[in-house]
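# Inside the fold
So you can see what is in the structure, the chains are spelled out below.
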Amino acid sequence: MSRIAYVNGRYMPHREAAVHVEDRGYQFSDGVYEVVLIRHGKMVDEAPHLVRLERSLGELQIKTPMSNAALRQVMAEVVRRNRITGNGLIYMQVTRGVAKRDHAFPANPQTSVVMTAKRLPEPSRTGVEDGVKAITIPDIRWERCDIKTVGLLASVLGKQQAREAGAYEALQVDSEGFVTEGTSSNAWIVTADGDLVTRRANNAILNGITRLTVLKLAERAGIRFVERPFTVEEAKGAREAFVTSATSLVKPVTQIDDTVIANGKAGGLSLQLFDAYLDYMTTDEARA
Ligand code: PDD
């Protein structure tokens, strides 16, 4: 079955889907994006993803392309046309549009919207239990990491460094030695006292939708959590570590650089949150 993409009002074969060479997303990274997980053919946390999209657009003064109701319709249609009935994801990119190249905003830009979807394998607990390796790298990004922009060069370079080191993710570290987040995920630890810790969401990190949901699930489960920064040293000495994102879900990290975390296996709280998140994905709450 051929894949279908949505490009500015048209559904077309994925291989033919294209935007103009003067799209400002292409020339200036002047755009934002969202990655929304699909579980059993339904979007997970679509509502908060759309809230974050609106916020990102607002911060960059990009005109909202259409109402949220219309965006939801297009997303559902992209899922339908790609016949995603199991697991998958939607990639949505919204840019300031096409204009003659000039750094300042064009006068009357027409916001561009592109959506693609693809299938993903079923999430499984095997693999999760073994955990993954992460490396640490300096955070060289700009000061508005709260905006989900398509300007991802620092993340691209960081992820490549992780690949080359045989690692799953690179944890970015600020000038004071605190972990900000992964290149495409939020970072968490569980302290020796059993506290769940993740950095408070401000302009230094992207406020992950998975992060918000995991915080909610942790609170419901009565798990003590603190939103505060933690250092690389603290992470290496932690009882557990994991990263979260729409595509990684809850992914235990069992090695950071050369340091094995605890006994080198996914920790109990990480697995509890993985299970809770998996259950959550098919609830009415997640599908609101
Ligand atoms: N990345 N931090 C960064 C820098 C990210 O790029 C992402 C997501 C997250 C987690 O956000 P969420 O839980 O909403 O997925 C945190 C997506 C998945 C990507 O770039 O593919």
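The shown structure was predicted, so the numbers you read here are calculated from the model rather than taken from an experiment.

Next up on the list: the site of the ligand. The immediate surroundings of the ligand are formed by 20 residues, with Tyr-33, Glu-181, Ile-209, Thr-210 and Ala-246 found nearest. At 3.3 Å from a nitrogen atom of the ligand is found a side-chain nitrogen or oxygen belonging to Lys-148. Within the backbone of Ser-184, one N or O atom sits 3.5 Å away from a nitrogen atom of the ligand. Taking 470 Å² as the accessible area of the ligand by itself, protein coverage stands at 89%. Among the residues making up the shell around the ligand, the classes are represented as five nonpolar, 11 polar and four charged.

Turning next to unusual backbone geometry. Of note, Asn-8 is a non-glycine position whose phi angle comes to about 45°, a positive value. Counting through the fold element by element, Asn-8 comes out in the loop between strand E1 (4–7) and strand E2 (10–13).

Taking 1.5 Å per residue, 14 residues should reach 20 Å; helix H2 (residues 46–59) reaches 20 Å between its end C-alpha atoms and fits that length. Along H2, the residues that are buried comprise Glu-46, His-49, Leu-50, Arg-52, Leu-53, Ser-56 and Leu-57. Along the axis of H2, the buried positions cluster into a sector of 160°, meaning they face one direction only. For H2, the secondary structure elements touched by its buried residues are strand E3 (31–39), strand E4 (42–43), helix H3 (68–81), strand E5 (88–95) and helix H5 (209–220). Note on H2: the residue one or two positions beyond its end, Gln-61, has a positive phi of about 55°.

The angle between the axes and the distance between the axes are what describe a pair of packed helices. Between H2 and H3, whose axes approach to 11 Å, the crossing angle comes to 125°. Relative to H3, H2 is oriented oblique. Seen from above, H2 lies across H3 with right-handed handedness. Seen from H2, the contacting residues are Glu-46, Ala-47, Leu-50, Leu-53 and Glu-54; seen from H3, they are Asn-68, Leu-71, Arg-72 and Met-75. The residue inventory of the contact of H2 with H3, partitioned by class, reads five nonpolar, one polar and three charged.

Let us look at the pattern of salt bridges. Counting across every chain of the model gives 23 salt bridges. Salt-bridge contacts for Arg-81 lead to Glu-77; the nearest nitrogen and oxygen are separated by 2.8 Å. Remark: Glu-77 and Arg-81 occur in helix H3; sequence separation between them is four residues, near one turn of the helix. By relative accessible area, which is 18% here, Glu-77 ends up buried. Between Glu-285 and Lys-216 there is a salt bridge, with the nearest N and O atoms lying 3.2 Å from each other.

If you check H5, its first and last C-alpha atoms are 17 Å apart, about what 12 residues at 1.5 Å a residue would give, namely 16 Å. Listed as buried for H5 are Ile-209, Thr-210, Arg-211, Thr-213, Val-214, Leu-215, Leu-217 and Ala-218.

Let us look at the sheet that holds strand E6 (residues 112–119). In a beta sheet, neighbouring strands pair by backbone hydrogen bonds and run either parallel or antiparallel. One open sheet holds the six strands; their spatial order is E2-E1-E6-E5-E3-E4, and the pairing between them is antiparallel. A strand with exactly one partner marks an edge of an open sheet, and here the two such strands are E2 and E4. As defined by bridge partners, E3 adjoins E4 across two bridges and the pair is classed as antiparallel. Note that in E4 the partner of Arg-39 across the bridge is Lys-42. The sheet contacts of H2 involve E3, E4 and E5, and relative to E3 the element is tilted by about 175°. Taken strand by strand, H3 contacts E1, E2, E3, E4, E5 and E6, and its axis lies near 35° from that of E6.

Another point: the domain arrangement of the protein. As assigned here, the protein comprises domain 1 (4–119) and domain 2 (132–287). Taking only C-alpha atoms into account, the centre of domain 1 sits 26 Å from that of domain 2. Every contact between the two is made by 24 residues of domain 1 and, on the other side, 23 residues of domain 2. Overall, the association of domain 1 and domain 2 removes approximately 2000 Å² of surface from exposure, summing both partners, and the carbon and sulfur fraction of that is 61%. It is Tyr-33, Asp-45 and Arg-52 in domain 1 that bury the most area against domain 2; as a group they hold 30% of the surface buried on that side. Among the ionic pairs, Arg-144 bridges to Glu-59, the shortest N-O distance being 2.7 Å.

Here is what the cut-offs are and how they apply
- Residues numbered from 1 in each chain as written.
- Predicted model: local features only at pLDDT ≥ 70, side-chain atom pairs only at ≥ 80, totals over all residues.
- Heavy atoms only, no water.
- Near = heavy atom within 4 Å.
- Polar contact = N/O pair within 3.5 Å; in protein donor to acceptor, adjacent residues only side chain to side chain.
- Areas by Shrake-Rupley, 256 points an atom, 1.4 Å probe, with all protein chains shown as cover.
- Nonpolar A, V, L, I, M, F, W, Y, C, P; charged D, E, K, R; others polar.
- Helix = DSSP H or I, 4+ residues; strand = E, 2+ residues; numbered from the N terminus.
- Expected span 1.5 Å × (residues − 1).
- Buried < 20%, exposed > 50% of the residue type's maximum accessible area, 1.4 Å probe, protein only.
- Arc of directions from axis to C-beta.
- Contact = heavy atoms within 4.5 Å.
- Axes fitted to C-alpha atoms, helices over the stretch in contact; angles between N-to-C directions.
- Parallel < 35°, antiparallel > 145°, perpendicular 65-115°, else oblique.
- Left-handed = near helix turned anticlockwise from the far one by under 90°.
- Salt bridge = Lys/Arg side-chain N within 4 Å of Asp/Glu carboxyl O.
- Pairing = 2+ DSSP bridges.
- Domains from an automatic or database assignment.
- Buried area = accessible area lost by both parts, 1.4 Å probe.

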